[in-house]
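A closer look at the structure
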Amino acid sequence: MPNKIINQHIQTIFFDLDGTLVDSSQDIAHAAKHMLQELNYKTVTLEQVQSWIGNGSKMLVIRAIAFATGVNEEQITEQNLEQALTLFNKHYALCSGLTSRLYDGVFDTLTHFKNQNIQMCVITNKPEQFTPKVLKANGIDHFFDLVLSGDSLATKKPDPAQLFFALDFFDVDRQRAVMIGDSRSDILAANEAGINSICVTYGYNHGEDPRLLNATAFVDSFADITTV
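Describing empty space enclosed by the protein
- For the coordinates displayed, the defined rule picks out 1 cavity of 30 Å³ or more.
- Around the largest cavity, the lining comprises 21 residues; the ones closest to its centre are Asp-18, Ile-53, Gly-54, Gly-56 and Lys-126.
- Put simply, the parts of the chain that give the lining of the largest cavity at least two residues each are helix 3 (57–69), helix 4 (78–95) and helix 8 (184–193).
- Split into classes, the residues belonging to the lining of the largest cavity amount to 7 nonpolar, 8 polar and 6 charged.

Focus: the nonpolar core
- Formed by 57 residues in total, the largest nonpolar core has its most connected members in Phe-15, Leu-21, Leu-110 and Phe-144.
- Leu-110 has contacts with Phe-15, Leu-21, Met-120, Ile-140, Phe-143, Phe-144 and Phe-222, leaving out every residue within four places of it along the chain.
- Phe-14, Leu-146, Val-172 and Ala-193 belong to the second largest nonpolar core, which has 16 residues in total.

Some details on the side chain of Asp-182
- Mapped onto the secondary structure, Asp-182 falls in the loop between strand 6 (177–181) and helix 8.
- An unpaired buried charge is present at Asp-182: no salt bridge exists, and Lys-157, the closest side chain of opposite charge, is 6.6 Å distant.
- A polar side-chain atom of Asp-182 sits 2.7 Å from the main-chain amide nitrogen of Tyr-204.

A short note on the state of the cysteines
- Inspection of every chain in the model, using the stated rule, returns 0 disulfides.
- Left without a disulfide partner, Cys-199 is nearest to the cysteine sulfur of Cys-121, which lies 18 Å away.
- Cys-199 sits in the buried class, given a relative accessible area of 0%.

Looking at the environment of Gly-207
- Positionally, Gly-207 belongs in the loop between strand 7 (196–200) and strand 8 (217–219).
- Residue classification places Gly-207 among the exposed residues on the basis of a relative accessible area of 61%.
- Sequence separation between Gly-207 and Ser-183 is 24 residues, and the spatial gap between their C-alpha atoms is 9.3 Å.

Overview of the sheet that holds strand 4 (residues 119–123)
- Pairing within the open sheet is parallel, and its 6 strands lie in the order 5-4-1-6-7-8. Strand pairing shows two members of the sheet lacking a second neighbour, strand 5 (146–148) and strand 8, which therefore form its edges. Strand-to-strand twist of the sheet, defined as the mean angle between neighbouring strand axes without regard to direction, takes the value 20°.
- Across 3 bridges, the pairing between strand 4 and strand 5 is parallel. Each bridged residue has a counterpart across the sheet, and for Ile-123 the counterpart in strand 5 is Leu-148.
- Contacts from helix 8 reach strand 6 and strand 7 within the one sheet, and its direction differs from that of strand 7 by about 170°.

A closer look at unusual backbone geometry
- Residue Pro-158 is bonded to the preceding Lys-157 through a cis peptide linkage, with omega at 15°.
- With phi around 65°, Asn-40 is a residue other than glycine that occupies positive phi space.
- Inspection of the secondary structure assignment puts Asn-40 in the loop between helix 1 (25–38) and helix 2 (46–50).
- Under the relative-accessibility criterion, Asn-40 is labelled exposed at 72%.

Rules used throughout
Residues numbered from 1 in each chain as written. Predicted model: local features only at pLDDT ≥ 70, side-chain atom pairs only at ≥ 80, totals over all residues. Heavy atoms only, no water. 1 Å grid on protein atoms, 1.4 Å probe; cavity = no way out; pocket = protein on both sides within 12 Å on 5 of 7 lines; lining within 4 Å. Points joined across faces, edges and corners; volume = space filled by probe spheres on them. Helix = DSSP H or I, 4+ residues; strand = E, 2+ residues; numbered from the N terminus. Nonpolar A, V, L, I, M, F, W, Y, C, P; charged D, E, K, R; others polar. Core = buried A, V, L, I, M, F, W, Y, C linked by side-chain atoms within 4.5 Å. Buried < 20%, exposed > 50% of the residue type's maximum accessible area, 1.4 Å probe, protein only. Contact = heavy atoms within 4.5 Å. Lys, Arg positive; Asp, Glu negative; His and termini not counted. Salt bridge = Lys/Arg side-chain N within 4 Å of Asp/Glu carboxyl O. Polar contact = N/O pair within 3.5 Å; in protein donor to acceptor, adjacent residues only side chain to side chain. Disulfide = S-S within 2.5 Å. Pairing = 2+ DSSP bridges. Axes fitted to C-alpha atoms, helices over the stretch in contact; angles between N-to-C directions.

Next comes the structure, spelled out in structure tokens:
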């Protein structure tokens, strides 16, 4: 493949959502705080919630409960988890998309790719009940030919199943596709699927340094993706 990742041979681009296209952390933190409040647990900060984003709502809730109660994640019972997840979903349904915002350069860059007739897909671990609302609230839902959420298939990132599904859906060779994301889950899924990846460094990545990930390339701004 040519040195330039985004080149004339690329037919399809897969995008993560939270931390890549959209900063949705304030909405998610709002739901997490209200969930913990109803459970009479101590609250959390926005920065703490940001470090938990990327593996889906269930994992975020597990991490929030473990932090707020001081117990190990493995000690959280299914009953407690189910109750907490129900509360989180209730509050997130009320606020999802309200304070989320596109990262700088996202709309113009997606417009550029659309004008280049590049097929685009969202591959996120966010539950399907919330994904379309967040995309529409931020005015980017019309860009994507396929949207795969965390519960669209039996598994989610870092499992590569969503990426394999998308490759089949678009009938595109893996050498003509690229995954763009902000976290370990995105890059691991891309590596397992055998496709190149671009890691944006401004996202969440579970609070870890994104440049330690085994991505093909890194960008500090979404607009820089077109020059990689």
